[in-house]
Amino acid sequence: MGGSSPHYTPLSKPTVTTGGISLLKRSKLYPLALLTVLCSLSYLFGAWHNAVPATPTVNCFTANATTLEPQPQPDQSNVPQKLDFATHHTAENDVALSGSDVVKAFPPCDVRYSEYTPCEDQARSLRFDRSRLIYRERHCPEKKELLKCRIPAPHGYQNPFKWPLSRDLAWYANVPHKDLTVEKAVQNWIRFEGDRFRFPGGGTMFPNGADAYIDDIGKLINLKDGSIRTAIDTGCGVASWGAYLLSRNIVTMSFAPRDTHEAQVQFALERGVPALIGVIASKRLPYPSRAFDMAHCSRCLIPWGQHDGAYLMEVDRVLRPGGYWILSGPPINWKKHWRGWERTMDDLNAEQMQIENVTRSLCWNKLVERSDISIWQKPLNHLSCKKSKKSSLFCPVEDPDKAWYTTLETCLTPLPEVSDAGEVAGGEVEKWPRRLRAVPPRISRGSVDGVTPEIFQKDTELWRKRVAYYKNINNQLGKAGRYRNVLDMNAFLGGFAASLVQDPLWVMNIVPVEAKANTLGAIYERGLVGTYQSWCEAMSTYPRTYDLIHADSVFSLYQDRCEIEDIMLEMDRILRPEGGLIIRDDVDVLLKVKRIADALSWDSRIVDHEDGPLEREKLLFGVKLYWTAPAQS
């Protein structure tokens with residue numbers, strides 16, 4: 001039609017032109033040009049920055065700069081700065097710092113607390129029943145009674161002699177008690193010589209020395225083939241029996257109460273021998289069932305036949321099937337010694353008959369009584385015992401490994417069931433040293449919750465790797481003699497201790513009672529030693545017991561149970577001056593630990609996990625600085 005335009009179908013948005021150039025296209029060029037300019041500037045700036053010498057990376061977690069080595073070079077930025085783990089205060093260097101030299105958040109305690117044992121405090125113990133020595137048991141302070149100060153070492157304290165010299169010598173300044181040198185002079189326990197004590201190795205029933213006494217025992221039972229690895233010494237004195245067994249690859253848990261024989265356990269620890277403060281009274285000993293290959297009492301003054309045989313029944317609980325109980329001293333060989341013991345023949349005969357009756361009720365076999373030594377053996381199982389005894393003799397079904405404030409019972413702890421008379425109840429352990437790497441019977445039989453043989457093997461390899469990493473950071477850990485008494489506060493399967501077994505040290509393996517799995521029985525089946533403990537309470541040991549403390553996830557475990565500072569004050573109490581610490585935990589927890597460590601005047605540094613910086617778990621390596629109580633005016 002005239003005047004009509006054709007139909008229009010748009011294929012794109014119309015463009016607006018100005019001077020022949022598209023305004024839209026022009027607007028798109030601006031951001032592109034800007035981006036090009038920025039990229040060019042960034043490139044030029046980066047090239048210029050790389051030409052400038054790099055500044056070393058500063059580690060945010062620093063200890064006292066005056067005691068540390070210089071920062072590593074940039075290409076070594078993953079290597080942590082080193083702390084000074086070496087000892088300095090020995091006979092040639094005994095200058096002490098007064099606690100008043102520096103103001104600290106946790107001040108030094110009064111010097112009268114230098115040997116303070118919170119749960120065996122002698123003043124507090126007098127509040128409790130004296131019958132059956134209950135007052136000598138653990139009686140810990142209430143929360144309001146906890147000390148918030150650091151226990152001082154005595155003035156003149158020196159690092160102990162290195163093992164094996166420490167077996168025979170200890171500094172007088174470290175344990176300033178001469179009472180035993182007078183009281184036990186005839187028995188050859190200990191002598192005072194100038195500035196030190198000497199331990200001749202004698203004992204009440206072995207005046208010729210512990211070595212000769214052990215040789216006499218070795219003529220009666222086999223101490224050389226590795227079948228006997230773990231032992232317990234009840235009423236240990238200064239632990240000479242345990243000290244001399246170490247050369248025979250037998251590790252002994254020695255214990256004695258804190259009583260009138262002042263500092264006997266403290267002397268044992270100063271000598272570098274495993275020991276704890278303890279007593280058989282109304283509670284089970286803090287060890288699992290079937291833990292020890294051999295138990296020993298040499299004139300330990302424990303009334304074994306009294307209280308319906310309860311004390312011998314407790315020895316039976318912790319003794320491994322086929323294990324030995326050795327008794328020397330009253331009433332053994334009473335016909336020869338009754339006058340010297342100042343007791344009547346009838347009294348001593350009656351005491352021995354009591355012991356014989358109890359051991360028969362336990363189905364023990366008396367192997368031998370020769371001279372002053374008697375030895376009994378526990379059966380491999382209870383198959384024949386159950387046939388010959390009334391069922392009422394056996395304890396009711398319960399956990400035989402439960403041993404933290406557990407009441408002592410006058411009944412026989414039943415062994416695991418067996419199918420024939422020759423089978424070892426609970427499984428046979430390997431001879432030492434194969435025992436260390438073999439899967440413990442408790443694990444192979446599925447008795448430990450959540451732990452399989454595969455987990456055990458992986459844990460063993462894991463700790464080999466971890467200990468190698470520890471030694472790279474703390475070079476003193478690889479030096480023989482630097483550390484002797486070592487504590488693992490959360491041992492799990494004992495992998496840390498197993499990785500150090502070739503070194504001249506021993507490890508006290510702690511299984512916290514709050515842990516998910518009770519693994520202490522498996523640790524003993526590896527030929528290692530340890531005890532139960534709640535870290536909300538103090539440990540049954542003297543101040544300055546340990547040269548090195550290892551704590552794996554301890555503070556995460558107790559985060560909602562008790563105060564971190566109370567646990568760390570206890571660590572400070574039981575760690576020697578210039579002792580080392582290795583603490584591994586979640587980074588958030590470890591930062592709290594680091595702040596308290598600084599307040600305790602520990603020289604410490606946080607380093608990365610052995611698998612690298614991306615792991616949340618970190619490690620704190622520390623050293624307790626040397627200081628002592630001031631000299632008395």
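A quick note: this is a predicted structure, and the numbers were derived from the prediction, not measured.

Engineer: Would you mind showing me how to read the overall build of the protein chain here?
Structural biologist: Along the protein chain, the regular secondary structure elements total 18 helices and 19 strands. When the 633 residues of the protein chain are sorted by exposure, 54% land in the buried category. Look at the contacts in the protein chain between residues 6 or more apart in sequence, and 69% of them connect residues 24 or more apart. For the protein chain, the accessible surface area stands at approximately 29,700 Å², while carbon and sulfur atoms represent 54% of it.

Engineer: How should the pairing of strand β14 (residues 506-512) be read in this particular structure?
Structural biologist: Residues in a regular strand point their side chains to alternate faces of the sheet. Burial of β14 is extensive: seven of the seven residues sit out of reach of the surface. Burial along β14 is two-sided: Trp-506, Met-508, Ile-510 and Pro-512 facing one way and Val-507, Asn-509 and Val-511 facing the other are all buried. As judged from the four bridges shared by strand β13 (residues 485-488) and β14, these two strands associate in the parallel manner. Looking at β14, one finds that Asn-485 is bridged to Trp-506. Relative to strand β15 (residues 529-533), β14 runs parallel, the two sharing five bridges. Counterpart to Pro-512 in the pairing with β15 is Gln-533. With helix α15 (residues 520-525) bridging β14 and its parallel neighbour β15, the resulting β-α-β unit is right-handed.

Engineer: Please clarify how the packing of aromatic side chains should be interpreted in this entry.
Structural biologist: Each aromatic ring pair is characterised by the separation of its centres together with the angle its planes make. Per the stated rule, a full pass over the model turns up 19 aromatic pairs. Taken together, Tyr-172, Phe-192, Phe-197, Phe-199 and Phe-267 form an aromatic cluster joined through their ring pairs. Cation over ring: Arg-130 sits above Tyr-135, and NZ or CZ is 4.6 Å from the ring centre. One residue, Lys-178, lies across the ring of Tyr-172, its end atom 5.3 Å from the ring centre.

Engineer: Hey, could you run me through the nonpolar core in this one?
Structural biologist: Burial of nonpolar side chains together is a common tendency in soluble globular proteins. With 134 residues, the main nonpolar core has Tyr-287, Met-294, Trp-304, Trp-325, Leu-487, Met-568 and Met-571 as its most contacted residues. Among all residues touching Met-571, those that are not within four sequence positions of it are Met-489, Ile-549, Phe-555, Leu-581, Ile-583 and Trp-602. With ten residues, the next largest nonpolar core counts Val-175, Leu-180, Ile-190 and Phe-199 among its residues.

Engineer: When you look at the sheet that holds strand β8 (residues 275-277) in this model, what are you seeing that I'm missing?
Structural biologist: Backbone-to-backbone hydrogen bonds join strands into a sheet, with any given pair of strands oriented parallel or antiparallel. What the seven strands build is an open sheet, ordered β8-β7-β6-β9-β10-β12-β11; its pairing is mixed. Every interior strand has two partners, whereas the edge strands, β8 and β11 (365-370), have only one. In this sheet, adjacent strand axes meet at a mean angle of 20° when their direction is disregarded. Relative to strand β12 (residues 373-377), strand β10 (residues 319-328) runs antiparallel, the two sharing five bridges. Residue pairing in the sheet places Tyr-324 in a bridge with Gln-377 of β12. The sheet strands contacting helix α7 (residues 310-318) are β9 (292-298) and β10, and the helix crosses β10 at an angle near 135°.

Engineer: Help me understand the pattern of salt bridges in this model?
Structural biologist: Pairing is possible between side chains of opposite charge, provided their charged atoms come close. As enumerated under the stated definition, the model contains 44 salt bridges in all. Between Asp-110 and Arg-112 there is a salt bridge, with its nearest N and O atoms 3.5 Å apart. By relative accessible area, Asp-110 is classed as partly exposed at 39%. Accessibility expressed as a relative area gives 63% for Arg-112, which makes it exposed. Two residues, Glu-356 and Lys-366, come together in a salt bridge whose shortest N-O distance is 2.7 Å. Placement of Glu-356 in helix α9 (residues 345-361) and of Lys-366 in strand β11 is noted, with a sequence separation of ten residues between them.

Engineer: Honestly, the pairing of β15 in this entry has me stumped. Any pointers?
Structural biologist: Within β15, five of the five residues are buried, which leaves it mostly tucked inside the rest of the structure. Residues of β15 alternate between two faces, with Val-529, Thr-531 and Gln-533 on one and Gly-530 and Tyr-532 on the opposite face, all of them buried.

Engineer: So what exactly am I meant to see when it comes to helix α13 (residues 453-473) here?
Structural biologist: Because each turn of an α-helix spans 3.6 residues, side chains separated by three or four positions end up pointing in the same direction. The terminal C-alpha atoms of α13, which comprises 21 residues, lie 31 Å apart, in line with the 30 Å expected from a rise of 1.5 Å per residue. Along α13, the residues classified as buried are Phe-456, Asp-459, Thr-460, Trp-463, Arg-466, Val-467, Tyr-469, Tyr-470 and Ile-473.

Engineer: Got a minute to help me understand unusual backbone geometry in this structure?
Structural biologist: For the peptide bond that leads from Pro-330 to Pro-331, omega is 5°, which places it in the cis range. Here the phi dihedral of Phe-492 falls at roughly 55°; this positive angle occurs in a residue that is not glycine. Looking at where Phe-492 falls in the secondary structure, it is placed in the loop between β13 and α14 (495-498).

Engineer: Would you explain α9 in this entry?
Structural biologist: Taking 1.5 Å as the rise per residue, α9 with 17 residues should run 24 Å; its terminal C-alpha atoms sit 24 Å apart, in good agreement. Burial in α9 covers these residues: Leu-348, Glu-351, Gln-352, Ile-355, Glu-356, Val-358, Thr-359 and Ser-361. The positive-phi residue at the C-terminal boundary of α9 is Cys-363, with phi of around 65°.

Engineer: How should I be thinking about the confidence of the model for the protein chain in this particular structure?
Structural biologist: The predicted coordinates ought not to be read in detail in places where the model reports low pLDDT. Averaged over every residue, the pLDDT of the protein chain is 86; the share at 70 or more is 82%. Predicted confidence for residues 91-103 stays below pLDDT 50, and this span has 18 contacts to residues more than four positions away or in other chains.

Engineer: What should I look at first to understand the layout of surface pockets in this one?
Structural biologist: One water molecule sets the probe size; rolling that probe over the atoms shows where empty space is left. Counted as a void, the largest pocket has a volume near 710 Å³. Around the largest pocket sit 37 residues that line it, and Gly-235, Asp-259, Arg-299, Cys-300 and Leu-301 are the ones nearest its centre. For the lining of the largest pocket, the per-class residue count stands at 18 nonpolar, 13 polar and six charged.

Engineer: Is there a simple way to explain the state of the cysteines in this structure?
Structural biologist: In a disulfide, the sulfur atoms of two cysteines are held together by a covalent bond. Scanning the model with the defined rule gives six disulfides in all. Each sulfur in the disulfide pair Cys-109 and Cys-149 lies 2.0 Å from the other. Since a negative S-S torsion denotes a left-handed disulfide, the Cys-109-Cys-149 link at about 100° is right-handed. Of the two residues, Cys-109 is situated in the loop between α1 (23-50) and α2 (122-125) and Cys-149 in the loop between α2 and β3 (169-171); the sequence distance between them amounts to 40 residues. By sequence order of its bonded cysteines, the protein chain has the disulfide arrangement 1-4, 2-3, 5-6, 7-8, 9-10, 11-12.

Engineer: In this structure, what is going on with the environment of Ala-522? I would like to understand it.
Structural biologist: The residue Ala-522 is located in helix α15 in this model. In this structure the C-alpha to C-alpha distance between Ala-522 and Pro-440, which are 82 residues apart in sequence, comes to 5.6 Å. If near-sequence neighbours (up to four positions away) are discounted, Ala-522 is found in contact with Pro-440, Arg-442 and Ile-443.

Engineer: In this structure, what is going on with the environment of Asn-475? I would like to understand it.
Structural biologist: Within the secondary structure layout, Asn-475 lies in the loop between α13 and β13. Residues Asn-475 and Asp-84, 391 residues apart in the sequence, show an inter-C-alpha distance of 9.4 Å.

Engineer: How do you make sense of the sheet that holds β13 when you look at a structure like this?
Structural biologist: Across the sheet, which stays open at both edges, the seven strands sit in the order β15-β14-β13-β16-β17-β19-β18 with mixed pairing between neighbours. Edge positions in the sheet fall to β15 and β18 (602-607), since each of these pairs with one other strand and no more. On average, each strand axis in the sheet is inclined to that of its neighbour by 15°, with strand direction left out of account. Where β18 lies against strand β19 (residues 617-624), six bridges are found, and the strand directions are antiparallel. Counted as the bridge partner of Arg-605 is Phe-621 from β19. In this fold α13 packs onto β16 (546-552), β17 (575-586), β18 and β19, with an angle of close to 45° to the strand it touches most, β19. Running over the sheet, helix α17 (residues 564-574) touches β13, β16, β17, β18 and β19 and is turned about 145° from β17.

Basis of the calculations
Residues numbered from 1 in each chain as written. Predicted model: local features only at pLDDT ≥ 70, side-chain atom pairs only at ≥ 80, totals over all residues. Heavy atoms only, no water. Helix = DSSP H or I, 4+ residues; strand = E, 2+ residues; numbered from the N terminus. Buried < 20%, exposed > 50% of the residue type's maximum accessible area, 1.4 Å probe, protein only. Contact = heavy atoms within 4.5 Å. Areas by Shrake-Rupley, 256 points an atom, 1.4 Å probe, with all protein chains shown as cover. Pairing = 2+ DSSP bridges. Right-handed = clockwise from strand over helix to strand, strands pointing away. Phe/Tyr/Trp six-rings, centres within 6.5 Å; stacked < 30°, edge-to-face > 60°. Lys NZ or Arg CZ within 6 Å of the ring centre and 35° of its normal. Core = buried A, V, L, I, M, F, W, Y, C linked by side-chain atoms within 4.5 Å. Axes fitted to C-alpha atoms, helices over the stretch in contact; angles between N-to-C directions. Salt bridge = Lys/Arg side-chain N within 4 Å of Asp/Glu carboxyl O. Expected span 1.5 Å × (residues − 1). pLDDT = per-residue confidence, 0-100. 1 Å grid on protein atoms, 1.4 Å probe; cavity = no way out; pocket = protein on both sides within 12 Å on 5 of 7 lines; lining within 4 Å. Points joined across faces, edges and corners; volume = space filled by probe spheres on them. Nonpolar A, V, L, I, M, F, W, Y, C, P; charged D, E, K, R; others polar. Disulfide = S-S within 2.5 Å.

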